[in-house]
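Commentary on secondary and tertiary structure
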Protein chains: 2
Amino acid sequence: MNKLVAVARGELPADFVIRNARLANVFTLEYENSVDVAICGTKIAGIAKSGSYDGKKIIDVDGRVMIPGMIDGHVHIEDTMMTPPGFAEIAAIHGTSTVMADPHEIANALGMSGLEYMFKTSQGLPIDIFFGAPSCVPASDFETPYDELDMIAIKNMFDKNLCQHLGEVMNFPAVISGDAEIWGKILAAGNVPLTGHAPGVSGKNLNAYLVSGISSDHECVNLDEAREKLRLGMWLMIREGASFLDLKTLLPLIQENVLNAARCMVVSDDITARYLIENGHMDVKMRIMCREGLDPLVALRMVTLSPAEYFRLYDRGAIAPGRLADFALLDSDRIDENFRVQQVWKNGLQIMSDDDVFTRENNSDFLAPVLKTRVKNIPTLEQIKIKLPDSGAENINVIGVTEGTVITKTLQLKPLIRDGYVIPDSSRDIAKIVVLERHRDTGRFAVGFVSGLGIKRGAFGSSVAHDAHNYVVAGADDESIITALKNLAEMGGGLTVTDAEKVLNSFALPIGGLMCYLNPYEVSENLTKLETSAENLGIMIKHPFMVLSFLCLTVIPELRITDQGYVDITRGGIQKIFA
Amino acid sequence: MNKLVAVARGELPADFVIRNARLANVFTLEYENSVDVAICGTKIAGIAKSGSYDGKKIIDVDGRVMIPGMIDGHVHIEDTMMTPPGFAEIAAIHGTSTVMADPHEIANALGMSGLEYMFKTSQGLPIDIFFGAPSCVPASDFETPYDELDMIAIKNMFDKNLCQHLGEVMNFPAVISGDAEIWGKILAAGNVPLTGHAPGVSGKNLNAYLVSGISSDHECVNLDEAREKLRLGMWLMIREGASFLDLKTLLPLIQENVLNAARCMVVSDDITARYLIENGHMDVKMRIMCREGLDPLVALRMVTLSPAEYFRLYDRGAIAPGRLADFALLDSDRIDENFRVQQVWKNGLQIMSDDDVFTRENNSDFLAPVLKTRVKNIPTLEQIKIKLPDSGAENINVIGVTEGTVITKTLQLKPLIRDGYVIPDSSRDIAKIVVLERHRDTGRFAVGFVSGLGIKRGAFGSSVAHDAHNYVVAGADDESIITALKNLAEMGGGLTVTDAEKVLNSFALPIGGLMCYLNPYEVSENLTKLETSAENLGIMIKHPFMVLSFLCLTVIPELRITDQGYVDITRGGIQKIFA
């Protein structure tokens, strides 16, 4: 006879009972006061008035609020520079029980083996991680990833059960134009949630995007865009991460029509170790919503039941009989802008107690081998020089960076010429930028110019360079740039700050050039040191490594650079240096 | 290149465009005025401002409301006495596009072949019919159906793709007690919606029912019961059919918390041909909700998007790009208590136009052979006599019928004795009732007494006798009863009214003794004639054949009768005649 049902009926004692809880009910959006929640194995067996259930252990929580484990519907774990175990630990202690991860960074850097690595290292953690099949590797034809993941690769990911849904389909122009390769990927995913990425797409183009079956979007940045997408049936993932903060802007959607909470969730998208330390994970999104005046239980639905329903995870998203025993206890008797997560259970196991000590084994040491390409073909000082054409040139194209936006401009500026070569000009904030292909050591590189970083001397570089993640270095002189490229190659990826022949500071990211084995405090500390070094070179923009990492992302306008050269998607592709 | 996306983009003309529609948006719960809806093949390609899309045909609807095809989340088609084609036609013209049918009546009467018949005759109709695997055949051990459908049978139904979800799990005591056979059926269904039936179940028993994964219920008859079920995570199917009218009672659930509309739907459950003719189908439920003051768009969500989401039918439930072109046009510019459905499209085909003429071929003639057992073993006059025991008897047990409720009582009444036999006593409204096994012609029958029908003379009988659907006859004298049994056997099932050796009126139901090939008008007319004949025998209760049909249903308290004898589930099973 089955134990779960006997516990539910009250005929066998539960493994443990949470007594006298104030249960946050995400179905009816009310608190249920003074209840027993009986747990049997990994599941919730029963909920009833306090004192109803007997258990081998009774945990009286004295009226504190009990919430379901929270769900992040869209996050790129690689952006934290931590492996899944490292990320899981800090997410878990903030009350997260499940995340939907899109591993397209590691898929660009290590192909299918990167995806397999993420999947393997995600087993047995204090949170469940479900993966979206990365649908856009490469992000465009102008980027050079480790490997192209085509429609057959997508099918393999599902056949191997590595993925639960289709990851954000970023190549919206291809979907809209009916491109066979992207449609093949969508159809290969089969009957799973197809997640989208359609910034600013509207009208007939949005209709064309949606007839594919793609059913969600996390790129809305204003109410009109969000309303149009809701009306056409999309689920909205309202983004609130480290760099994109859309929550306050989009909350009126819920305030004007509470039923929209049944079709909206709140997600992280891009997130950093520092954000997790300083703010938290889904809990900080809850606090923001409370501060903005949203009914806390409606807010809670959007980080629990709504994402569970969108992703068809019927075993979670609420505290209810038969669902997984994933829940957290807060430090108070209400959810408000000040609450803190105090105790956490996952699958019926307590993974955080009051004193914030992990009661589960730390899985960070569980590692799988990953492919690493040693880059040997590094350009010489001579090779990265830009010779003025014999015909001369009025202007050069320069990537224009503006702080606070990921959009760049195509600037046309007068070149500074020395000895027949175009050189960086720190007096006008024009630095040189070099991208070197690193996945297959082809030695292919491209050189361009960038304005807006504020760099006065030296160089800084990274192997985190969306989405293909080749080596990118920007600098005020060629020697510093070559030193940075060499240092990146030595580390097998990471971040570096150089001045002439000297490495001022560096931080290795051995896993695909994206992640390391450190915990969030160590990652954050390393990053702070790197940023301080960069500041010493005169760089005044905030988060310079993040800014640098986006200069290679060709799917965002305007001018970008990859190992194939300048790219401006709004102007049709590859661009020349000389205007 | 794919046509659907080209139409969406506006580069190819649509097959047709509904222009100037007032679209009822079930996502955002608002009207969108003056829109184009472009259709390509079976799907909606695009929605945009009127005049945006070009089409081979433009249908200007002059601001009339356009609603998604409506969805009935739970209905027993057999109760209409029509086959799926007959039912589909009248449902379709009322704006229904999809129904979730639980074929447990035909499954009791014809086993797996009955289910296959329903499935086959449901193809190519103007509505889509999805079946729930009948989980309770027989409904209890005290009923004798054509065949027992065990857990292996359930698995076969899914393996053959006959079923989309698990049909209502009525045997809640078995679920709660952890019975292996019913749990085996639930697990055999796999990862599909598991629909429930748990009248009055609450507290720990309800928890025990729900740990099975069953996730919905259509049996709530009051607000407290409904609230408890919602809190524990069940989806509510609010029932509004021919005999059970729960809508008005339960609407406050939505009025007090509009987000409940995301977890509630409105369903028919039991429905008759007459109800469909006189009231309509899902449209009448909409009119009732409007009359009760519910926001019409919230009401609409509960008969479109909400059931689609519960049943994981992501291709319907709303008018949106990529979804099926299932929709209806109303006769006015608003949804209110008086609207009528005027034009209907299913899969992009118009199936009803203004003048109410079917534009599709009527599929009623599409028939598959079904099994029929010829009953030859009919009891004799002598055999159905009830002899007083030698020891005498103070009282007999009598089924007590009360008009307006399906619950019966166990009455203990003094018997009327003649020549050593207990006989019916019309002066005290005590009739004799006989149930004869009909599926395997075993000749097994049982005799009992029933009070509350008002029958003065003659007998009336039926092969519709929930849930095993054996022959049931109630009468004021033995000869009329035998005549009725013989007539039922001759017809191979149906309804009959007899007086002594004469058949006053009869109506054959050749398909499993439950359904016929007639249309709803003919069915209703036949039934009216039968009821008039029954009235002539003195029967004063409304819908006597329906009342009779429920007297064999052992899963409802208190006293019932099957071919195995009296059954009272509240008193543990088989009961004797003499108290």
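Heads up: these notes are all about the structure in this document. If you're wondering where the values come from, they're calculated on a predicted model, not measured in any experiment.

What follows covers the relation of the copies chain A and chain B. At an RMSD of 0.1 Å, chain A and chain B line up after a rotation of 180° and a shift of 0.0 Å along the axis. Read as a symmetry element, the transformation amounts to a two-fold axis. When each C-alpha of chain A is compared by its distance to the rotation axis, Leu259(A) comes out closest, at 2.6 Å. A symmetric contact is evident, with 98% of the interface residues of chain A recurring at the interface of chain B.

Moving on: the interface of chain A and chain B. On the side of chain B, 52 residues touch chain A, which itself brings 53 residues to the contact. Interface area, chain A with chain B, both sides summed: about 4,200 Å², of which 58% is carbon and sulfur. Ranking the residues of chain A by area buried against chain B places Lys204(A), Arg231(A) and Leu259(A) at the top, with a combined share of 17%. Inspection of the chain A/chain B interface yields 4 salt bridges. Here Glu309(A) makes a salt bridge to Arg263(B), at a shortest N to O gap of 2.4 Å. On the surface where chain A and chain B come into contact, there are 19 residue pairs in polar contact (both at pLDDT 80 or more). In terms of residue count, the dominant contributor to the side of chain A that touches chain B is helix H7 (residues 203–210) of chain A (5 residues). By residue class, the composition of the side of chain A that touches chain B is 28 nonpolar, 15 polar and 10 charged.

With that settled, consider the packing of aromatic side chains. What describes a pair of aromatic rings is the distance from one ring centre to the other and the angle between the planes of the rings. Residues and elements named next belong to chain A. All chains considered together, the criterion is met by 10 aromatic pairs over all chains. Their ring planes at 50° and their centres at 5.2 Å tell us that Trp 235 and Tyr 310 sit as a pair that is tilted. Of this pair, Trp 235 sits in strand E12 (residues 235–239) while Tyr 310 sits in helix H14 (residues 305–310); the two residues are 75 residues apart in sequence, bridging distant segments of the chain. With respect to class, Trp 235 is no different from Tyr 310; both count as buried. Taken together, the ring pairs in this structure connect Phe 16, Phe 327 and Trp 345 into an aromatic cluster. The ring of Phe 244 carries the charged tip of Arg 239 above its face, separated from the ring centre by 4.4 Å.

The subject of this paragraph is the environment of Gly114(B). Tracing the backbone shows Gly114(B) in helix H3 (residues 104–120). Separated by 167 residues in sequence, Gly114(B) and His281(B) place their C-alpha atoms 24 Å apart.

Thresholds, definitions, all that
Residues numbered from 1 in each chain as written. Chains lettered and ligands numbered in written order. Predicted model: local features only at pLDDT ≥ 70, side-chain atom pairs only at ≥ 80, totals over all residues. Heavy atoms only, no water. Least-squares fit on C-alpha atoms with pLDDT ≥ 70 in both. Contact = heavy atoms within 4.5 Å. Buried area = accessible area lost by both parts, 1.4 Å probe. Salt bridge = Lys/Arg side-chain N within 4 Å of Asp/Glu carboxyl O. Polar contact = N/O pair within 3.5 Å; in protein donor to acceptor, adjacent residues only side chain to side chain. Helix = DSSP H or I, 4+ residues; strand = E, 2+ residues; numbered from the N terminus. Nonpolar A, V, L, I, M, F, W, Y, C, P; charged D, E, K, R; others polar. Phe/Tyr/Trp six-rings, centres within 6.5 Å; stacked < 30°, edge-to-face > 60°. Buried < 20%, exposed > 50% of the residue type's maximum accessible area, 1.4 Å probe, protein only. Lys NZ or Arg CZ within 6 Å of the ring centre and 35° of its normal.

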